[in-house]
Amino acid sequence: MSLVNVEFPYNFAPGFDRHQPIASGYIYIGEPDLDPEIGANQKTIYFVQEDGNEVVGSQPIRTSAGGVPTYNGSPVAIKTEGDYSIKVLDKNSVQVYYSPNSNVPEALLNALQTVDTLAELPDAADNSGQVRYVEGVGVVRSDGSDWVPDVFVTPAMFGAKGDDSTDDAPAINLAMATGVAVIFDGSKTYRSSGFTPISGTRLLGRGARLTQHSDGDRIITVDDALGTSDVEITGFVFDGQGIGSFGTSPGTDYHGFEGGNLAIYAKHIDRWHIHHNEFRNLTNIGISIDTPLISEVPNTNIWITDNFFTAIGGRNTGVNSPYVRADFAPGEGLPIAIGDESLRTQTVNKLIWIARNRISNALNTLISVGNGDSVLIQDNILTDTDSNFIQVSTNSSYVIVTGNICKDCTCKFDPTIEGRGISIHPTATGVESHFVVSNNIISKSGLYAIDLRGERMVATGNQIFQTGINNTVASPTAIADINADPQPSKHDSRALIANNRPNGSQGHGILLEVTNDNLAGISIVGNHLGGTTKASIQ
């Protein structure tokens, strides 16, 4: 085993306000590109005592009044094996600095002037606005009187043009490697062949436009088998410009086909927050969170909030031609797609929150979640789809869909099976599928306003209008405001359908499909079936 010294810019951990030591602070050492404050990410460390003896250390490492790492009250050096991340907190547990990887990319060092210690920095007054990279510390900037930690960098510092022509992905990757926030110029358009956030990345768009460099490019793409955590993406306009071909072999996998443009593709992620962005004119998918294998790092803690999506799944037909929807193919034109329809035996997309998004004018299902565990979809405004509004499928369980407004399904594609308002439809037989659909407003769905198929099903307080009014193909006997079908392999399935207000359906108000004696209990209470044909059990 070959150990390396954990380096500090001085022989103490410095504070940045006046370069004073951090007294009674906390030091964490972890795996590269992972948050070392999380116990699971921490590396084995060794303390080298003053007599030269090495002992296995524990974390956090406390600093003395002079900012020196200590063990049992005595100063020590720190060693670990291989590359590492390092985080230092002050005595109040406030982060002072964080370096995601001790192995700084050579291209980053070439892009910025580098010094070994803070003491080697030139006079700040003579270098106002200049940026340097300090080994073991990170990026610092002169404010004219002192060198301070650089809380952000810009892609331009690393060669990005933002001219709607150059591939800026390499420059953006270098900016993210600094470990600080990356702030974009809101007046520019950045083309990308696919840049890859690392753990701890904050991308702040300020209105900047991101688009693909070439047909088939993913603007942002992440697939690190070890996982990528703590990423924030906000303030961008992801604009596919309505150009690009469609997938050559889409099949049923929402993520694997070639062609078209896709804004964000991610896999093996934890604690990602994608918020306050606009997604438009994409021929493929807005946000695609792909399903890992059971043996791989799962997707967890994903928050997609306060975004605007429009014109997903179409293309421009030529110069100065208007945006038009394309011919349908499975997997194309989804604003938000988490998971896919590849059968898995476990849920691997966990703790999902999709809220307050505005989604309109899309070719396919507006919000699609598969293989989900603990999913909350709330307070979204969803309008104008050629398919479903919300679909949760494939081994999903513990799902709440509440407070959404779903309006206007055109029934363009196969209206005998498409055009559901809210569809909760797991395909596996062994998953405990507990679902609640409550307090939604659903208007002009094509086939069912609410389609529940599971073991524990609740539909309550929903307002439903004119289901099937745009469906000129399906028989009225196949149309229903609320359709409940127990999970086939479960003989103790239960359903509660209460206090809903279906109104104006072209078919059934409430339709229960019961087969194989698999429905153990059902309650239908307090529903107002205004203008519907009937409530029925089959």
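The text that follows walks through the structure, step by step, so that each part is easy to find. These numbers were taken from a predicted model, which means no experiment stands behind them.

Parameters at a glance
Residues numbered from 1 in each chain as written. Predicted model: local features only at pLDDT ≥ 70, side-chain atom pairs only at ≥ 80, totals over all residues. Heavy atoms only, no water. Buried < 20%, exposed > 50% of the residue type's maximum accessible area, 1.4 Å probe, protein only. Helix = DSSP H or I, 4+ residues; strand = E, 2+ residues; numbered from the N terminus. Pairing = 2+ DSSP bridges. Patch = residues over 30% accessible without salt bridge, like charges linked within 9 Å, V, L, I, M, F, W, Y side chains within 5 Å. Areas by Shrake-Rupley, 256 points an atom, 1.4 Å probe, with all protein chains shown as cover. Salt bridge = Lys/Arg side-chain N within 4 Å of Asp/Glu carboxyl O. Contact = heavy atoms within 4.5 Å. Polar contact = N/O pair within 3.5 Å; in protein donor to acceptor, adjacent residues only side chain to side chain. Phe/Tyr/Trp six-rings, centres within 6.5 Å; stacked < 30°, edge-to-face > 60°. Lys NZ or Arg CZ within 6 Å of the ring centre and 35° of its normal. Lys, Arg positive; Asp, Glu negative; His and termini not counted. Axes fitted to C-alpha atoms, helices over the stretch in contact; angles between N-to-C directions.

1. Focus: the pairing of strand S45 (residues 480–484)
Most of S45 is tucked away: 5 of the 5 residues are buried. Relative to S45, strand S42 (residues 448–452) is paired through 4 bridges, and the arrangement is parallel. Paired with Asp451 across the bridge in S45 is Asn483.

2. Examining a nonpolar patch on the surface
On the surface, a cluster of nonpolar side chains totalling about 290 Å² of accessible area is made up of Ile381, Ile405, Ile441 and Phe465. Note on placement: Ile405 falls in strand S38 (residues 405–409). With relative accessibility at 36%, the residue Ile405 sits in the partly exposed group.

3. So, the environment of Lys407
With respect to the helices, strands and loops of the structure, Lys407 is situated in strand S38. Its relative accessible area of 40% is what places Lys407 among the partly exposed residues. Distance in space between the C-alpha atoms of Lys407 and Ile441 is 8.0 Å, their sequence separation being 34 residues. Excluding anything up to four places from it in sequence, Lys407 contacts Leu382, Thr383, Asp384, Phe389 and Ser443.

4. Let's talk about the pattern of salt bridges
Evaluation of the coordinates by the stated rule reveals 13 salt bridges. For Asp306, the salt bridge is made with Arg356, and the minimal N-O distance between the two is 2.8 Å. Separated by 50 residues along the polypeptide, Asp306 in the loop between strand S26 (299–305) and strand S27 (308–312) and Arg356 in the loop between strand S31 (349–355) and strand S32 (358–362) bring together distant segments of the chain. Notably, a salt bridge pairs Lys407 with Asp408, separated by 2.9 Å at the nearest N-O pair.

5. A short note on the side chain of Asn388
Turning to its location among the elements, Asn388 is positioned in the loop between strand S35 (381–385) and strand S36 (390–393). When its relative accessible area of 2% is taken as the criterion, Asn388 is described as buried. Among the polar contacts listed, one links the side chain of Asn388 to the side chain of Thr365, at a separation of 3.3 Å.

6. Re the packing of aromatic side chains
For the structure on display, the rule yields 6 aromatic pairs. On the basis of an interplanar angle of 5 degrees and a centroid distance of 4.6 Å, the ring pair of Phe279 and Phe309 is categorised as stacked. Remark: Phe309 occurs in strand S27 and Phe279 occurs in strand S24 (residues 278–282); sequence separation between them is 30 residues. By relative accessible area, which is 0% here, Phe309 ends up buried. In textbook terms, an aromatic cluster arises when at least three aromatic residues are bridged by ring pairs, as seen for Phe184, Tyr190, Phe236, Phe238, Phe279 and Phe309. Across the ring face of Tyr26, the terminal group of Arg62 is positioned such that the distance to the ring centre comes to 3.9 Å.

7. Some words on helix H2 (residues 169–176)
With respect to burial, H2 is a largely interior element, 6 of its 8 residues being buried. Taken together, the buried positions of H2 are Ala169, Ala171, Ile172, Leu174, Ala175 and Met176.

8. Considerations on the side chain of Asp217
Of note, Asp217 is situated in the loop between strand S20 (209–212) and strand S21 (218–234). Despite its burial, Asp217 pairs with no opposite charge, the nearest such side chain being Arg191 at 7.4 Å. Looking at Asp217, its side chain comes within polar contact range of the main-chain nitrogen of His213, at 3.4 Å. A distance of 2.6 Å separates the side chain of Asp217 from the backbone nitrogen of Ser214, its partner in a polar contact.

9. Structural notes on the sheet that holds strand S41 (residues 441–443)
Here we have 12 strands laid out as an open sheet, ordered S16-S18-S20-S22-S24-S27-S32-S35-S38-S41-S44-S47, and parallel in their pairing. Of all strands in the sheet, those with a lone pairing partner are strand S16 (163–167) and strand S47 (501–503), marking the two edges. Here the average twist between neighbouring strands, direction ignored, is 10 degrees. As judged from the 2 bridges shared by S20 and strand S22 (residues 237–239), these two strands associate in the parallel manner.

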